[in-house]
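# Notes for the structure review
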Amino acid sequence: MAKVTMTVNGRQVSGHCDDRTLLVQFIRENLGLTGTHVGCDTSQCGACVIHMDGKSVKSCSILAAQADGSTITTIEGLAADGELHPVQAAFKANHGLQCGFCTPGMVMTAVDMIRRHQGQLDEATVRAELEGNICRCTGYHNIVKAILAAAAEMSGARVAAE
Amino acid sequence: MNVMQPIDRIRGGVHEKERHESGHKHVSGTAEYIDDIPEPQGTLHGYLGLSQRAHAEILSIDFEAVSSSEGVIGVLTAADIPGENDISPAHKHDEPIFVTDKVEFHGQPIFAVVATSREAARRAAAKVKIEYRDLPHVTDVLEAAAANYPLVIDPLKLERGDIEAGFAKAKNILEGEMRIGGQDHFYLEGQISFAIPGEDDEVLVYSSTQHPSETQHMVATVLGVPSNAVTVNVRRMGGGFGGKETQANIFAAVAAVAAKKYRCPVKVRPDRDDDMSATGKRHDFHVDYKLGFDDEGRIEAVDAVFSARCGYSADLSGPVTDRALFHADNCYFYPNVRLRSRPLKTNTVSNTAFRGFGGPQGMVGGERMIEEIAYAVGKDPLEIRKLNFYGGEGRNLTPYHQTVEDNIIGRIIEELETSADYAKRREAVIAFNRENNVVKRGIALTPVKFGISFTKTEYNQAGALVHVYTDGSIHLNHGGTEMGQGLYTKVAQVVADEFQVDLDRIKVTATTTGKVPNTSATAASSGSDLNGMAAANAAQQIKARLVKFAAERWNVSETDVAFEPNTVRIGVDRLSFNEFIKIAYGARIQLSAAGFYKTPKIHWNRAEGRGRPFFYYAYGASCSEVSVDTLTGEYQVDRTDILHDVGRSLNPALDLGQVEGAFIQGMGWLTTEELWWDAKGRLRTHAPSTYKIPLASDRPRVFNTRLAEWSVNREETIRRSKAVGEPPFMLGISVLEALSMAAASVAEYRIAPRLDAPATPERVLMAIERLRAAARQKG
């Protein structure tokens, strides 16, 4: 058994779990944050992407014990004060979802992608960077559109703020 | 009396580009899937124990290590099933939940472990010791035929004209064969069921199922209780694609049996690898064809046999192989034709429904025949397509004797040819190929005609339940299930339009057998056609009562009562909808109705191979251009243009999304998605690490998708729309044909490339090598 303590969506949490407990299990089962999904069980599909210390990671490929002391953001923690994050809003506005199961992972990957590229994204980059996230419904068209729209909006907002 | 000015129109009515009703929940992680439902204290978890042999007698099973494993509550075998140990949807009694003495495929369920956690159940299941005596097994469809394996269900024959006379008349006769691979659904949310025991014989099952009524009936049969004791609920699925039409049943049944036995809630969710090994997929096909045609390329006679790898049981293989035959003509008139199905048993998982339901395999076979003719007469395959389209005197009868009455393929093709600049680009491709030795290009423009309706006539019915509450808010429930396609949104738009209230006044509630009974699977693209009509019918019943009431109360004629945007106009008065509803309630008007719909005009006699199985057809076309590296067989899709017919779209944004997604899924089926069984009969492509569905980077570099906005369904469907789920899947065929052309270029387009599907880089490379060798031989 391991005792883990971490900050999840701004809240300090701790709990006991098996050494082999995956972070995704800890998030879903111990914390009840079920917006993070398990799709393929094998670290390929990206439905379980969360942010650990600001970087996107597949929470099915990391142990809860490894996340001890870290700061975690899940899809539930993205919206601030009831306002959707610009990436969330863009996925909704651009029909970047169908069954919705991959959506939380897609959104979390997109937020990190936009951050790393400082909003300067082109279509080829988005497509290449999305290779770790599988969607079976949309054909990715509207997902890519949503990410580009969000990146444009966020970098526009940043330019305006500067 | 309030006098309100009406606004122009409601928000979110039909034909609007309304967003998915759960969109805000999906992006914020609050949309609840079955695995997200809070588990009551004491919830147990079931895990299936699967066969490790493809075909074998079970000599003994030792559960000692399983039972003593940590957290295990018990083991379920066939002996624990109170009712029937069978979930055959074809009612053939060939599909046990747990086998007893003989396994028929690698991955077949033998038992289930119930434990305090999913992890404990899964670990325990792996500890079983089973002694097998191996029997000879067959996984391949041709090997099954050679080994005289039986058919899983009666085959179908479609015949029209005089096949012998057709071949006698034909100047050219050609024979060939083709293999078409299967496909795993890879719904992102895997199979899952969660059963909660109730009083007496009752049980409530949350199941990720496209067919709640069948799941209900199966659970009842397995428990040995009447259907009224079982309620099946599903709010949404994380994808279905046909993979949860019958394949959800076993998980629901096992969860229900365990829940009743242990009197605890029980959840069953297989691991992805087990999900892919133990549940059915798209059927692989082998097509044997003989063609007669004239020197122009006009078809005189077609004789083809479609053999399918059905797996160990019938499941839906009958209607799937039937639908393959129904679509082997695609858009083409065959003057003399004989099409036969051969649904063969194999020692593989029982294949099942998958978007298109056999139709895509039939259509790929039909397009291969067109390609054969094109290379034989030395013409652009598109010319051969146009030459053989339905249309003109005496050229509208399908092989199943239904007359094509709504043919718009000519216009679709013409518009796409122009917008995609097909002719000029084909010339450019040929010129490019002359100049380049390593990279070769190909381009193809292919049509789609897809028949809409369940071929089993009785499935073409639907129900809906609409309540208007006294505050004017509306509760909508119908028999269709939501799996991402936007059905809930579309049906709500229909009801909003009927009552002329804003869409946000309507709440669509989870599909449940307790509200709308005896529903059909949400399948065959029929969801909005059937449920939209049933919901409209329910709304119309309530409206009729309200109109009658208003006419009496206000002393006006019924024609002077009208539902206008968020208001009701009664003579010269105008009331808000809410206010009017309150008054109607006060007058004791019933504000709830159960709606019903059955598709008119359709009939089908399978024994005679005649009838009108389809209410109408949906059409579309796509044009794809590819580049192939002839040294490695690797390729990329450079551009795809699509024009697709959805009639008068109920929601153009959702429909466009369906078309884009279907195309990519169809392209995946025909290119990278390869199912592979080893010599022991094990599926080796049972995870996304080895089974390659398209990624964001695989999509065409340029991708232009349009709906045929001028199209109106000539039949009286819901607001003259057309079904959209399956037809665009077959737009992916243009990619296969474009790859085929690129391969053909190495032999100067003189030899039919006969590229089988999926056209993996390996298969493309082999086709290129074969064509080069043949060209050298030909000189």
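Residues numbered from 1 in each chain as written. Chains lettered and ligands numbered in written order. Predicted model: local features only at pLDDT ≥ 70, side-chain atom pairs only at ≥ 80, totals over all residues. Heavy atoms only, no water.

This part takes up the overall build of chain B. For chain B, the helix and strand inventory stands at 19 helices and 29 strands. For a compact globule of 779 residues, the expected C-alpha radius of gyration is about 28 Å, and chain B comes in at 27 Å, within 12% of that figure. Dimensions of chain B, computed from C-alpha atoms along their principal axes, come out at roughly 90 × 75 × 50 Å. The buried share of chain B, taken over its 779 residues, is 66%. Expressed as a percentage of contacts within chain B between residues at least 6 apart in sequence, the contacts between residues at least 24 apart total 81%. Summing over all exposed atoms, chain B offers an accessible surface of approximately 27200 Å²; the carbon and sulfur share of this is 47%. Distance from the positive charge centre (90 side chains) to the negative charge centre (102 side chains) of chain B: 2 Å. (Helix = DSSP H or I, 4+ residues; strand = E, 2+ residues; numbered from the N terminus. Rg over C-alpha atoms; globule rule 2.2 N^0.38 Å. Buried < 20%, exposed > 50% of the residue type's maximum accessible area, 1.4 Å probe, protein only. Contact = heavy atoms within 4.5 Å. Areas by Shrake-Rupley, 256 points an atom, 1.4 Å probe, with all protein chains shown as cover. Lys, Arg positive; Asp, Glu negative; His and termini not counted. Charge placed at Lys NZ, Arg CZ, Asp CG, Glu CD.)

Further remarks concern the pairing of strand S3 (residues 72–76) of chain B. Residues and elements named next belong to chain B. Within S3, four of the five residues are buried, leaving the element largely enclosed by the surrounding structure. Where S3 meets strand S5 (residues 109–115), four bridges bridge the pair, whose relative direction is antiparallel. Residue Gly74 lies in a different strand from S5, and its bridge partner there is Val114. (Pairing = 2+ DSSP bridges.)

All names here are of chain B. The four strands lie next to each other as S19-S18-S17-S24, forming an open sheet whose pairing is mixed. Edge strands, defined here as strands with exactly one partner in the open sheet, are strand S19 (506–508) and strand S24 (592–598). Neighbour-to-neighbour, the strand axes of this sheet turn through a mean angle of 20°, independent of strand direction. On the sheet, helix H15 (residues 527–554) packs against strand S17 (461–468), strand S18 (474–478) and S24 and is oriented at approximately 140° with respect to S24. (Axes fitted to C-alpha atoms, helices over the stretch in contact; angles between N-to-C directions.)

Close approach of charged atoms allows side chains of opposite charge to pair. All names here are of chain B. One pass over the structure, following the stated rule, counts 62 salt bridges over all chains. The salt bridge involving Arg425 is made with Asp641; its shortest N-O contact spans 3.7 Å. In this pair, Arg425 sits in helix H13 (residues 422–435) while Asp641 sits in strand S28 (residues 635–644), placing the two residues 216 residues apart along the sequence. Asp641 shares its class with Arg425; the two are buried. (Salt bridge = Lys/Arg side-chain N within 4 Å of Asp/Glu carboxyl O.)

What follows is about the environment of Leu656(B). As for its position among the elements, Leu656(B) is in helix H17 (residues 652–670). Filtering out sequence-adjacent residues up to four positions away, Leu656(B) remains in contact with Thr705(B), Arg706(B) and Leu707(B).

On to the interface of chain B and chain A. Many descriptions give the size of an interface as the accessible area lost when the pieces come together. Counting residues at the interface gives 53 residues for chain B and 43 residues for chain A. It is Val27(B), Leu188(B) and Ala696(B) that lose the most area in chain B upon contact with chain A, and together they represent 19% of the buried surface on that side. Our count for the contact surface shared by chain B and chain A stands at six salt bridges. Across the pair Glu673(B) and Arg136(A) runs a salt bridge whose closest N-O atoms are separated by 2.7 Å. Counting across the interface, chain B meets chain A through 22 residue pairs in polar contact (both at pLDDT 80 or more). Top contributing element to the side of chain B that touches chain A by residue count: H17(B), with seven residues. Of the residues contributing to the side of chain B that touches chain A, the split by class is 18 nonpolar, 17 polar and 18 charged. (Buried area = accessible area lost by both parts, 1.4 Å probe. Polar contact = N/O pair within 3.5 Å; in protein donor to acceptor, adjacent residues only side chain to side chain. Nonpolar A, V, L, I, M, F, W, Y, C, P; charged D, E, K, R; others polar.)

All names here are of chain B. Here four strands make up an open sheet; going across it, the order is S16-S27-S28-S29 and the pairing mixed. For this open sheet the edge positions go to strand S16 (439–452) and strand S29 (702–707), each flanked by a neighbour on one side alone. Sheet twist, expressed as the mean angle between neighbouring strand axes with direction ignored, is 15°. Pairing between strand S27 (residues 616–629) and S28: nine bridges, direction antiparallel. Bridging across to S28, Val628 finds its partner in Tyr635. In this fold helix H18 (residues 733–744) packs onto S16, S27 and S28, with an angle of close to 150° to the strand it touches most, S16.

Take the nonpolar core next. Among the nonpolar cores identified, the biggest contains 162 residues, and Leu339(B), Ile474(B), Leu476(B), Phe499(B), Leu546(B), Phe577(B) and Phe580(B) are the most heavily contacted of them. At 14 residues, H15(B) tops the list of elements feeding residues into this core. Structurally, this core is a two-domain feature, drawing no fewer than three residues from each of domain 1 (23–30 + 462–598) and domain 3 (284–455 + 606–778) of chain B. Discounting chain neighbours no more than four positions away, the residues touching Phe580(B) are Leu546(B), Phe549(B), Ala550(B), Trp554(B), Phe563(B), Val568(B), Ile570(B) and Leu575(B). Counting residues in hydrophobic clusters, the runner-up holds 48 residues, among them Ile75(A), Ala90(A), Ala110(A) and Tyr33(B). (Core = buried A, V, L, I, M, F, W, Y, C linked by side-chain atoms within 4.5 Å. Domains from an automatic or database assignment.)

All names here are of chain B. Put simply, helix H10 (residues 359–377) and helix H11 (residues 381–388) touch, their axes get as near as 8 Å, and they point 115° apart. When you trace H10 past H11, the crossing you get is right-handed. Counted together, Glu367, Ile370, Ile373, Ala374 and Val377 of H10 and Pro381, Ile384, Arg385 and Asn388 of H11 form the full contact between these two elements. Here the contact of H10 with H11 is composed, by residue class, of six nonpolar, one polar and two charged. (Left-handed = near helix turned anticlockwise from the far one by under 90°.)

In this section: the side chain of Asp140(B). All names here are of chain B. If you trace the backbone, Asp140 turns up in the loop between strand S6 (129–134) and helix H4 (141–146). When its relative accessible area of 15% is taken as the criterion, Asp140 is described as buried. For Asp140, the side chain forms a polar contact with the main-chain nitrogen of Leu142, separated by 3.0 Å. A polar contact of 2.9 Å, which involves the side chain of Asp140, links it to the side chain of Arg179. Ignoring any residue separated from it by four or fewer positions in sequence, one finds Asp140 in contact with Arg179, Arg309 and Thr346.

Further remarks concern the side chain of His45(B). Within the secondary structure layout, His45(B) lies in strand S1 (residues 44–50). Setting aside its immediate chain neighbours within four residues, His45(B) contacts Glu39(B), Val113(B), Val114(B), Ala115(B), Thr116(B), Ser117(B), Arg118(B), Ala121(B), Val266(B) and Lys267(B).

By secondary structure assignment, the location of Pro155(B) is in the loop between H4 and strand S7 (157–160). Residues within four places of Pro155(B) in sequence aside, it is in contact with Ser341(B), Pro343(B) and Arg606(B).

Moving on: the pairing of strand S2 (residues 56–62) of chain B. All names here are of chain B. Across two bridges, S2 lies against strand S4 (residues 102–103) in antiparallel orientation. Among the inter-strand pairings, Glu57 is bridged to a residue of S4, identified as Lys102. Relative to S6, S2 runs antiparallel, the two sharing six bridges. Note that in S6 the partner of Ser60 across the bridge is Glu131.

Another aspect to go through is the domain arrangement of chain A. Residues and elements named next belong to chain A. What the domain assignment reports for chain A is domain 1 (2–77) and domain 2 (86–161). Here the C-alpha centre of domain 2 lies 22 Å away from the C-alpha centre of domain 1. Domain 1 puts 18 residues into the contact, and the matching count from domain 2 is 14 residues. Summing both sides of the interface, domain 1 and domain 2 together bury roughly 1200 Å²; the carbon and sulfur share of this comes to 59%. In this assembly, domain 1 and domain 2 are joined by zero salt bridges.

So, on to the confidence of the model for chain B. Confidence in the prediction of chain B, expressed as mean pLDDT, is 97, and 99% of residues score 70 or more. With a pTM of 0.97, the predicted complex shows an ipTM of 0.97. (pLDDT = per-residue confidence, 0-100.)

To continue, consider the domain arrangement of chain B. Residue and element names in this part refer to chain B. With domains assigned, chain B is organised as domain 1 (23–30 + 462–598), domain 2 (44–136 + 191–269) and domain 3 (284–455 + 606–778). The interface is formed by 20 residues belonging to domain 1 together with 19 residues belonging to domain 2. Together, the buried faces of domain 1 and domain 2 total about 1400 Å²; carbon and sulfur atoms form 50% of this surface. Applying the counting criterion to the domain 1 and domain 2 interface returns zero salt bridges. Between domain 1 and domain 2 we count eight residue pairs in polar contact (both at pLDDT 80 or more) in total. When residues of the side of domain 1 that touches domain 2 are traced back to their parent elements, those giving at least two are helix H1 (23–28) and strand S20 (511–512).

This part covers H15(B). All names here are of chain B. Helix length check: H15 (28 residues) gives 39 Å between terminal C-alpha atoms against 40 Å at 1.5 Å per residue, within 8%. Within H15, 20 of the 28 residues are buried, leaving the element largely enclosed by the surrounding structure. A positive backbone phi angle near 55° is found at Asn555, which sits one or two residues after H15. (Expected span 1.5 Å × (residues − 1).)

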